[in-house]
Amino acid sequence: MCRCAVLESLAVAQRLDLAAAQTELAAVVRALGLTKTYRYIGALEFGVDTERGPDRDTVTGPTLRLELPLFNQGQARIAKSQAELRRAERKVEALAIGIRADVRALDDKLASLREAVRFQENEVLPTRRAITAGTLLQYNGMLTGNYDLFRTRAEQIEAEHQAIQTLRDYWTTRAELERAVGGNLRAHKNATAGK
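This write-up is about the structure you can find in this document. None of the values given here were measured: they were computed from a predicted structure. (Residues numbered from 1 in each chain as written. Predicted model: local features only at pLDDT ≥ 70, side-chain atom pairs only at ≥ 80, totals over all residues. Heavy atoms only, no water.)

1. Some words on the pairing of strand E2 (residues 58-66)
The side chains of a regular strand alternate between both faces of the sheet.
Thinking step 1. Taking burial as the measure, the nine residues of E2 include zero buried ones, a minor fraction of the element.
Thinking step 2. Of the pairings in the sheet, the one linking strand E1 (residues 44-52) to E2 comprises nine bridges and is antiparallel in character. Paired with Phe46 across the bridge in E2 is Leu64.
Thinking step 3. With antiparallel pairing between neighbouring strands as the criterion, E1 and E2 make up a hairpin whose turn holds five residues, including Arg56 at a positive phi of roughly 65°. (Buried < 20%, exposed > 50% of the residue type's maximum accessible area, 1.4 Å probe, protein only. Helix = DSSP H or I, 4+ residues; strand = E, 2+ residues; numbered from the N terminus. Pairing = 2+ DSSP bridges.)

Here's what the structure looks like:
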């Protein structure tokens, strides 16, 4: 299994917003089941009523009101619940797709930044240091002037600054990837080490 697929599955398993959407979906499924189960039971009311008769006697007794589902068998309530179920399903699907896309994009960005950091550390910085050292030797031998040495040193400092910015971008992207995954990426390393 590739690294990106493992990160995507880890993100889907760990993200709390997706878990909340799945919990909402389960609640909507339960509500739809209850609506379908009790669709033939309309409004049922119990109460107490007092009535005064023609001979001025007061009669108190229970009342019962029951709707018979001749024409209204709860179709509107079921249709509404089914629409809410479809909405909750689409929300979970869209959230999972968005999470996977974010993780994939951030993983690609992290991989390219990792290569850029390696290139800076292994190629650019050693080359700039060697050029500065060579220019310093030429300066000590009085073959170049102050300005050449200063310019070479400034280019080395600029390369070091660029390497620091690239490293900063790498760690920022890594933090964004951890946020997108919903936890520490160490769980990914532990999962791949166990395989």
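2. Looking at the nonpolar core
Thinking step 1. Core analysis: the largest hydrophobic core is formed by 23 residues, its most contacted members being Leu7, Val103, Leu177 and Val181.
Thinking step 2. The greatest single-element share of this core, amounting to ten residues, is contributed by helix H3 (residues 75-140). (Core = buried A, V, L, I, M, F, W, Y, C linked by side-chain atoms within 4.5 Å.)

3. So, the side chain of Gln120
Thinking step 1. Here Gln120 shows up in helix H3.
Thinking step 2. Excluding anything up to four places from it in sequence, Gln120 contacts Leu125, Pro126, Ala159, Gln162, Ala163 and Thr166. (Contact = heavy atoms within 4.5 Å.)

4. Observations regarding helix H1 (residues 3-14)
Thinking step 1. Its twelve residues give H1 an end-to-end C-alpha distance of 16 Å, which sits within 8% of 16 Å, the value for a rise of 1.5 Å per residue.
Thinking step 2. Those residues of H1 that sit buried are Cys4, Val6, Leu7, Glu8, Leu10 and Ala11. (Expected span 1.5 Å × (residues − 1).)

5. Thoughts on unusual backbone geometry
Thinking step 1. Of note in the backbone geometry, Arg56 takes a positive phi value of approximately 65° without being a glycine.
Thinking step 2. Relative accessible area serves as the criterion here: at 65%, Arg56 is assigned to the exposed category.
Thinking step 3. Phi is positive for Met142, close to 60°, though the residue is something other than glycine.
Thinking step 4. By the element assignment, Met142 lies in the loop between H3 and helix H4 (146-181).

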